[in-house]
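# Descriptive analysis of the structure
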Protein chains: 2
Amino acid sequence: MNKPETPDIIISRLPVYLRALQHMDAQGKQTTSSLDLGEQVGISAAQIRKDLSQFGEFGKQGTGYNIAFLIGKLREILKVDRVWDVAVIGMGDMGHAIARYQGFSDRGFRVSMVFDNDPAKVGERVGHFVIQDTQEMVGTIRRAGIKVAMLCVPASKAQQVANQLVEAEIKAILNYSPINLNVPPGVRVQYLDPSVGLQRMTYYMD
Amino acid sequence: MNKPETPDIIISRLPVYLRALQHMDAQGKQTTSSLDLGEQVGISAAQIRKDLSQFGEFGKQGTGYNIAFLIGKLREILKVDRVWDVAVIGMGDMGHAIARYQGFSDRGFRVSMVFDNDPAKVGERVGHFVIQDTQEMVGTIRRAGIKVAMLCVPASKAQQVANQLVEAEIKAILNYSPINLNVPPGVRVQYLDPSVGLQRMTYYMD
């Protein structure tokens, strides 16, 4: 592995390859090629070969990739050969949906705590979880050693809650609030903003 | 405008600039600089100037950008100087959350129809909407002239529903299902998969 030199744009494609490979695996396929994988994910075969070659020699000329093996390698590279506990902050509609989302299994994540600041919600159940008070959040997350959080609070509260997550030693924030967060070096943020996704497409429309 | 030559990576940043500018505007700010905007969005001032210069001269040396003017220009470029009607397919937890999401106002979108294939859900209310039957979906969407859809169905159904959306003349699909979709040229897909966002960050973690 060659981490410091691997551009983030390559890293951003690996989860997409992994998802497609896991889908093939679930369908009972055992081998694939860069061409086949490329068709699945809409990326050229040459790009896929180049991306994967950053991390080693995973395929054989002529026989392609063993799917289970490549899944194992990508999970190792992306560090999802383990399960990360995740805290979800903000139990509005989106937080509820995430707390009950079944799609994290086999992807490396498990929601393990949910928080809200509304006294009327604290103590309520959502799926398997009891909603905890954000007033206790910093200590609770830190003691549990949780490093990953999803932020589903209103935009007006997002920076303030992000600051608390940093204090709680969270290192990765998936932000559903439509606002950019300022976090110190060593903390990463990814954004899931539906309007951004939509605007990237309307640009191309008539 | 210089559309055929503008790389998609630049287009992908414009909605992020627009979001930050709208946030500044809401806070009553009137002017900004590439440095200031860059700090908000975590992108270098030079990159921002370069990106915006693809579309014209929007700032003045020394005085920076007029926020309202730049918002207007970006909305025009991204074609969200209008409001796009959006169909939401799949009224599970995520579809419900989207149907009630308040964040689309001022971003160029308005949910206008929601669909599900479950007879027990069809006819029910979600927010302002009555859930319609996916059996009627192709004709209903086509007659309404809707071009944008959000897909929130289980992964196992996503490709099949995407095919119907293509038939309905949808041109932009925001896909919440954790699966890659195959669509013909002229139809665009963007993905909102939380596991992909999380895996892009765990790569960098210890």
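With that settled, consider empty space enclosed by the protein. One pass over the structure, following the stated rule, counts 2 cavities of 30 Å³ or more. Quantified by volume, the largest cavity comes out at close to 60 Å³. Lining the largest cavity are Pro178(A), Ile179(A), Asn180(A), Arg19(B), Ala20(B), His23(B) and Gln40(B). For the lining of the largest cavity, the leading source of residues is helix α1 (residues 8-26) of chain B, giving 3 residues. Residues belonging to the lining of the largest cavity are distributed by class as follows: 3 nonpolar, 3 polar and 1 charged. Considered as a void within the structure, the second largest cavity measures approximately 50 Å³ in volume. Counting residues per element, the lining of the second largest cavity draws most heavily on helix α1 (residues 8-26) of chain A, which supplies 3 residues.

It is worth spelling out the packing of aromatic side chains at this point. Counted according to the given criterion, the structure contains 6 aromatic pairs over all chains. Residues Phe58(A) and Phe69(A) carry aromatic rings whose centres are separated by 6.4 Å and whose planes lie at 70° to one another, so their mutual orientation is edge-to-face. Here Phe69(A) lies in helix α4 (residues 67-77) and Phe58(A) lies in the loop between α3 (45-53) and β2 (59-60), a separation of 11 residues in the sequence. The residue whose ring lies beneath Arg188(A) is Tyr204(B), and the NZ or CZ to ring-centre distance is 3.6 Å. Lying over the aromatic face of Tyr203(A), Lys79(B) brings its terminal NZ or CZ to 5.7 Å of the ring centre.

In this section: the interface of chain A and chain B. Facing the 60 residues of chain A at the interface are 60 residues of chain B. Buried surface at the junction of chain A and chain B, summed over both partners, amounts to about 6,100 Å²; 61% is from carbon and sulfur atoms. It is Gln199(A), Arg200(A) and Tyr203(A) in chain A that bury the most area against chain B; as a group they hold 14% of the surface buried on that side. Taken together, the connections running from chain A to chain B amount to 8 salt bridges.

Residue and element names in this part refer to chain A. When we look at burial in helix α2 (residues 34-41), the residues that qualify are Ser34, Leu37, Gly38 and Val41. Down the axis of α2, the sector holding all buried residues measures 105°, keeping them to one side. Exposed side chains of α2 directed beyond 90 degrees from the buried face belong to Leu35 and Glu39. Where the residues of α2 are buried, they touch α1, β1 (31-32), α3 and β3 (64-66). Gly42, located one to two residues past α2, shows a positive phi value of around 70°.

The subject of this paragraph is the confidence of the model for chain A. Of all residues in chain A, 98% have pLDDT values of 70 or greater, and the mean over the chain is 94. Scoring the predicted complex yields pTM 0.94 and, for the interface, ipTM 0.95.

The next point concerns the pattern of salt bridges. The tally for this structure, following the rule as stated, stands at 21 salt bridges over all chains. For Arg200(B), the salt bridge identified is with Asp8(A), shortest N-O distance 3.0 Å. With Arg200(B) in helix α8 (residues 194-202) and Asp8(A) in helix α1, this pair bridges two chains. Among the residues examined, Asp8(A) registers a relative accessible area of 31% and is labelled partly exposed. Here Arg13(B) makes a salt bridge to Asp51(B), at a shortest N to O gap of 2.6 Å. Pair noted here: Arg13(B) is in helix α1 and Asp51(B) is in helix α3 (residues 45-53), with a separation of 38 residues, a long-range link. A single burial state applies to Arg13(B) and to Asp51(B), both of which are buried. Via salt bridges that share partners, Arg19(A), Arg107(A) and Asp193(B) belong to a single interconnected network.

Moving on to the relation of the copies chain A and chain B. For the pair chain A and chain B, the relating rotation is 180°, the translation along its axis is 0.0 Å, and the fit reaches an RMSD of 0.0 Å. What the superposition gives is, in effect, a two-fold axis relating one chain to the other. Of every C-alpha in chain A, the one belonging to Leu192(A) sits nearest the axis of rotation, 3.1 Å from it. Interface overlap between copies: 100% of the residues of chain A at the interface are likewise at the interface in chain B, consistent with a symmetric, same-surface contact.

Residue and element names in this part refer to chain A. Interaxial distance between helix α6 (residues 137-144) and helix α7 (residues 155-167) falls to 8 Å at its minimum, and their mutual angle equals 35°. The two elements α6 and α7 meet at a crossing, and its hand is right-handed. Residues Met137, Val138, Ile141 and Arg142 of α6 touch α7, and the partners they reach there are Val161, Gln164, Leu165 and Glu167. In terms of residue class, the contact of α6 with α7 is made up of 5 nonpolar, 1 polar and 2 charged.

Here is what the cut-offs are and how they apply
Residues numbered from 1 in each chain as written. Chains lettered and ligands numbered in written order. Predicted model: local features only at pLDDT ≥ 70, side-chain atom pairs only at ≥ 80, totals over all residues. Heavy atoms only, no water. 1 Å grid on protein atoms, 1.4 Å probe; cavity = no way out; pocket = protein on both sides within 12 Å on 5 of 7 lines; lining within 4 Å. Points joined across faces, edges and corners; volume = space filled by probe spheres on them. Helix = DSSP H or I, 4+ residues; strand = E, 2+ residues; numbered from the N terminus. Nonpolar A, V, L, I, M, F, W, Y, C, P; charged D, E, K, R; others polar. Phe/Tyr/Trp six-rings, centres within 6.5 Å; stacked < 30°, edge-to-face > 60°. Lys NZ or Arg CZ within 6 Å of the ring centre and 35° of its normal. Contact = heavy atoms within 4.5 Å. Buried area = accessible area lost by both parts, 1.4 Å probe. Salt bridge = Lys/Arg side-chain N within 4 Å of Asp/Glu carboxyl O. Buried < 20%, exposed > 50% of the residue type's maximum accessible area, 1.4 Å probe, protein only. Arc of directions from axis to C-beta. pLDDT = per-residue confidence, 0-100. Least-squares fit on C-alpha atoms with pLDDT ≥ 70 in both. Axes fitted to C-alpha atoms, helices over the stretch in contact; angles between N-to-C directions. Left-handed = near helix turned anticlockwise from the far one by under 90°.

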